[in-house]
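Chain by chain, the residues run as shown.
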Amino acid sequence: MPSLVSKISNLFFSGGSSFVVGISIGTSSIKIVELGRKGKSWKLVHFGIVQLPEDVIVNREIINPVVVSNSIKTLINQIKLKTKFVCTSISGTSIMIKRMSLEIKNAKEIQDQIFWEAEQYLPFDVSEVVMDYQVLSRAKDGKTEVILVAAKRAVLESYISCVEDAGLKVKIIDTDFFALQNLYEANYPPSQSEAVAIVDIGSSSMKIVVVSGGVPVFTKDCSIGGNNLTSEIQKNLGLSYVDAETLKISGGPDGKIPSEISDLMGIISENFISEIKKSLDFYSASASSAPVSYVLLCGGSSKIPGLSKSVEDSLNLPTQLINPFNAISYDPSVFNQEYLSNIAPIAAVPIGLALRVGAE
Ligand SMILES: Nc1ncnc2c1ncn2[C@@H]1O[C@H](COP(=O)(O)OP(=O)(O)OP(=O)(O)O)[C@@H](O)[C@H]1O
Ligand SMILES: [Mg+2]
């Protein structure tokens, strides 16, 4: 898949590094994953997470870069990475992903032609963006299918600065969608005839990517997430953001989720499901690709009790939480099963990012 930045020469990587690192800077927390090469596959070496205070990232733009880079520093001081080259990602309205079908007249000018055609779709001024593309297929009649990704340069640079101010080097900037696709392809058997919908429900966003035949055939970034539930809890129970988060995740003193909160979870889950349904209906009405045959959920909010079952019942599609550890091994004496299932949904994006470095 195209990456927005691949700015460090591969000369630095003699035959591919044995360790790869992915960092996901989310609205509620920063997650970091280090994988080590184990034969032809990968093994989990480190996972780390640090929570971010409210309003440090708003609409997926970094409002307080000092807090973000200090948080990354805190994380890397704790886990002592074996490499400082990393892949990170951006998402939200500062990026645009578009599939285009073009008649390429002169193979040498393919990039110019793609970027020139892309300008008409860009929601931003062309001088403010960074673009990359990948050719998906070339038909005999000259039609070339490409996938284009464009991002606002200023947003991209703010993510790079935060990571580099913490002492790391950004090798690749990817999008959360491609990280999810990477993770899926590494862990699930390939299928040409099926499409899968991967849904990442975070704190401020829900990202949906439909993958079919190795191509992200549909992407959608919706501005709803776990924060909507937290603010409902705050409003209904008169709590601070931090107390509402704690009650939502850990329950009351007895460890149980109070019934008012379960009710609010039910309402918010319905909102998530109706957005997923709308997106998948749109996909099936407009796409020529295979119909979606199952759904994989990830992101912290996919842990809302009963959500996976409700998605399955409402969409009438088999639905599961994604398992990043189908193909990625781990040492059970370092990471126990309970810890792994707890981190699996939030480790999906950073593992997908780390795998991206490994694929370079
Ligand atoms: N056990 C749980 N039950 C319900 N919600 C949970 C649970 N654990 C975490 N969450 C919610 O998951 C969200 C964090 O998920 P995640 O780390 O995937 O988001 P993010 O990457 O920070 O956000 P985004 O991708 O939207 O920028 C928070 O809203 C948090 O309250
Ligand atoms: Mg996220």
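Residues numbered from 1 in each chain as written. Chains lettered and ligands numbered in written order. Predicted model: local features only at pLDDT ≥ 70, side-chain atom pairs only at ≥ 80, totals over all residues. Heavy atoms only, no water.

Novice: Before we go on, may I ask you to explain the packing of helix H4 (residues 176-187) against helix H9 (residues 337-359) in this structure?
Specialist: For any two helices packed against each other, one specifies the crossing angle of their axes together with the interaxial distance. Relative to each other, H4 and H9 sit at 80°, their axes nearing to 7 Å. Regarding the angle of H4 to H9, the classification is roughly perpendicular. Residue-level inspection shows Asp 176, Ala 179, Leu 180, Asn 182, Leu 183 and Ala 186 of H4 in contact with H9, the latter providing Ala 348, Val 349, Ile 351, Gly 352, Leu 353, Leu 355 and Arg 356. Its residues placed into classes, the contact of H4 with H9 shows nine nonpolar, two polar and two charged. (Axes fitted to C-alpha atoms, helices over the stretch in contact; angles between N-to-C directions. Helix = DSSP H or I, 4+ residues; strand = E, 2+ residues; numbered from the N terminus. Parallel < 35°, antiparallel > 145°, perpendicular 65-115°, else oblique. Contact = heavy atoms within 4.5 Å. Nonpolar A, V, L, I, M, F, W, Y, C, P; charged D, E, K, R; others polar.)

Novice: When you look at the nonpolar core in this model, what are you seeing that I'm missing?
Specialist: For soluble globular proteins, the rule of thumb is that nonpolar side chains tend to be buried together. By size, the foremost hydrophobic cluster in this structure holds 72 residues, and its most contacted members are Ile 23, Ile 25, Ile 30, Leu 35, Val 68, Ile 72 and Ile 351. Looking at which domains feed residues into this core, each of domain 1 (1-93 + 153-188 + 326-360) and domain 2 (190-322) supplies at least three. Setting aside its immediate chain neighbours within four residues, Ile 351 contacts Val 33, Leu 35, Leu 183, Pro 324, Phe 325 and Ile 328. Ala 195, Leu 229, Leu 280 and Tyr 283 belong to the second-largest nonpolar core, a separate cluster that totals 34 residues. (Core = buried A, V, L, I, M, F, W, Y, C linked by side-chain atoms within 4.5 Å. Buried < 20%, exposed > 50% of the residue type's maximum accessible area, 1.4 Å probe, protein only. Domains from an automatic or database assignment.)

Novice: Even after reading the chapter, I still don't get the side chain of Thr 319, so can you show me in this structure?
Specialist: As for its placement among the helices and strands, Thr 319 is situated in strand S16 (residues 319-321). Thr 319 sits in the buried class, given a relative accessible area of 8%. For Thr 319, the residues in contact, after removing those within four places along its chain, are Val 295, Leu 297, Ser 308, Val 311 and Glu 312.

Novice: When you look at the site of ligand 1 in this model, what are you seeing that I'm missing?
Specialist: Taken together, 22 residues lie around ligand 1, and Thr 27, Ser 28, Lys 31, Glu 245 and Lys 248 are the ones closest in. Between ligand 1 and the protein, one listed contact pairs an oxygen atom with a side-chain N or O atom of Lys 207 at 3.0 Å. When residues of the shell around ligand 1 are traced back to their parent elements, those giving at least two are strand S3 (29-38), helix H5 (226-237) and helix H6 (241-250). The dominant element in the shell around ligand 1, judged by the number of residues it contributes, is H6, at three residues. Of the residues belonging to the shell around ligand 1, the class tally is three nonpolar, 13 polar and six charged. Residue-level mapping places the shell around ligand 1 at the junction of two domains, with at least three residues from each of domain 1 (1-93 + 153-188 + 326-360) and domain 2 (190-322). (Near = heavy atom within 4 Å. Polar contact = N/O pair within 3.5 Å; in protein donor to acceptor, adjacent residues only side chain to side chain.)

Novice: Even after reading the chapter, I still don't get the domain arrangement of the protein chain, so can you show me in this structure?
Specialist: Where interface size is quoted, it is often the accessible area lost as the parts come together. Here the protein chain is partitioned into domain 1 (1-93 + 153-188 + 326-360) and domain 2 (190-322). On a C-alpha basis, the centroid separation for the pair domain 1 and domain 2 is 22 Å. Interface area for domain 1 against domain 2, summed over the two sides, is near 2,100 Å², with a carbon-plus-sulfur share of 63%. For domain 1, the biggest contributors to the area lost against domain 2 are Phe 177, Tyr 184 and Tyr 188; these three give 32% of the whole. The tally of links between domain 1 and domain 2 comes to eight residue pairs in polar contact (both at pLDDT 80 or more). Counting residues per element, the side of domain 1 that touches domain 2 draws most heavily on H4, at eight residues. Tallied by class, residues from the side of domain 1 that touches domain 2 come to 12 nonpolar, six polar and four charged. (Buried area = accessible area lost by both parts, 1.4 Å probe.)

Novice: Would you explain unusual backbone geometry in this entry?
Specialist: With the exception of glycine, the majority of residues adopt a negative phi angle, and the majority of peptide bonds are in the trans configuration. Positioned with a positive phi, Asp 55 is a non-glycine residue whose angle comes to about 70°. Note that Asp 55 resides in the loop between strand S4 (41-51) and strand S5 (57-58). With relative accessibility at 53%, the residue Asp 55 sits in the exposed group. One non-glycine residue, Arg 60, lies in positive phi territory at about 65°.

Novice: Looking at this structure, how should I read the sheet that holds strand S10 (residues 143-152)?
Specialist: Consider a sheet: its strands pair through backbone hydrogen bonds, and that pairing is either parallel or antiparallel. The strand order across the open sheet built from three strands is S8-S10-S9, with neighbouring strands paired in antiparallel fashion. The open sheet has two edge strands, strand S8 (95-103) and strand S9 (129-138), and neither has a second partner. Strand after strand, the sheet turns through a mean of 20° between neighbouring axes, direction not considered. Relative to S10, S9 runs antiparallel, the two being bridged by nine bridges. Its bridge partner lying in S10, Asp 132 is registered against Val 149. Contacts from helix H3 (residues 153-165) reach S9 and S10, with the element oriented near 65° to S10. (Pairing = 2+ DSSP bridges.)

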